[in-house]
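Next come the chains, spelled out residue by residue.
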Amino acid sequence: MTYRSSTVENIKPRTKTDAKRGGWHGTALVVEALLILVVVVACLAVFVRLFGFAFATNWEDQHRAQAIILASNQAERFATDYSPNQEGAFVEETNGYTITRVVTSHPTERGVLYSASIAVNWGDTPLYQLDTAHYVSDDRALKSSSEARAGE
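Caption draft 1: Representation of the sheet that holds strand S4 (residues 125–137). Spatial ordering of the open sheet is given by S1-S2-S3-S4, a layout of four strands whose pairing is antiparallel. Only two strands of the sheet have a single partner each, and these edge strands are strand S1 (88–94) and S4. Direction aside, the axes of adjacent strands within the sheet are offset by 15° on average.

As structure tokens, then:
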């Protein structure tokens, strides 16, 4: 039995096209990897931007919702106040929110119509404004003022 050296006989000489092909496969892999890297980085940039926008919108919505609650509470207090001296400006600060209520009166033949403008700000940023009014008849106004005097 004769043994042939398979490694020596099976080796083919490389041609120029083989050399070019071998180098191209390595380059294609690098180009594909770079292309995938660019796509992944672009997707991550889009997601980071979307999450940042969602965070900013959430912050704004939370503050606006809190401002609506504070303004409605102020409007309820205003609606239940029947004292004859509720005219003027009122400013209250709560947890960073500034609530401003400006009340004006409009006398009529049988009572007084009080109107209020309620504004809620976060620092210098206006968040919500509410306009409301309530009517106090002469009988009710007299009764409220006499009750206030009796309590003194």
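Next comes the rest of the write-up.
Caption draft 2: Region of interest: unusual backbone geometry. Unlike most non-glycine residues, Asn95 shows phi in positive territory, near 50°. Along the chain, the position of Asn95 falls in the loop between S1 and strand S2 (97–107). Relative accessible area serves as the criterion here: at 67%, Asn95 is assigned to the exposed category.

Caption draft 3: Molecular detail of the pattern of salt bridges. Under the criterion given, the structure shown has two salt bridges. Linking Arg64 and Glu60 is a salt bridge whose minimum nitrogen-to-oxygen distance equals 3.5 Å. Remark: Glu60 and Arg64 occur in helix H2 (residues 16–80); sequence separation between them is four residues, near one turn of the helix. You can call Glu60 partly exposed: its relative accessible area is 39%. Between Glu92 and Arg77 there is a salt bridge, and its shortest N-O distance comes to 3.5 Å. One end of the pair, Glu92, is in strand S1; the other, Arg77, is in helix H2, and 15 residues separate them in sequence. On the basis of relative accessibility, which here comes to 23%, the residue Glu92 falls in the partly exposed class. Given the relative accessible area of 45%, Arg77 is considered partly exposed.

Definitions and cut-offs
As a convention, each chain's residues are numbered from 1 in the sequence order in which they are written. Restriction of local features to residues with pLDDT of at least 70 applies here, the model being predicted, together with a cutoff of 80 or more for giving and counting side-chain atom pairs; totals for whole chains, interfaces and linings are based on all residues. Side-chain metrics in this entry use all non-hydrogen atoms of the structure; hydrogen atoms and water are not considered. A pair of strands is labelled paired if DSSP reports no fewer than 2 bridges between them. Helix and strand assignments come from DSSP, with helices taken as H or I runs of at least 4 residues and strands as E runs of at least 2, each series counted from the N terminus. Angles run from 0 to 180 degrees between N-to-C directions of axes, and those axes are lines fitted to C-alpha atoms, restricted for helices to the stretch in contact. Three labels apply to residues, based on accessible area from a 1.4 Å probe with only protein chains included: buried if under 20% of the type maximum, exposed if over 50%, partly exposed otherwise in between. The term salt bridge refers to a side-chain nitrogen of Lys or Arg lying within 4 Å of a carboxyl oxygen of Asp or Glu.

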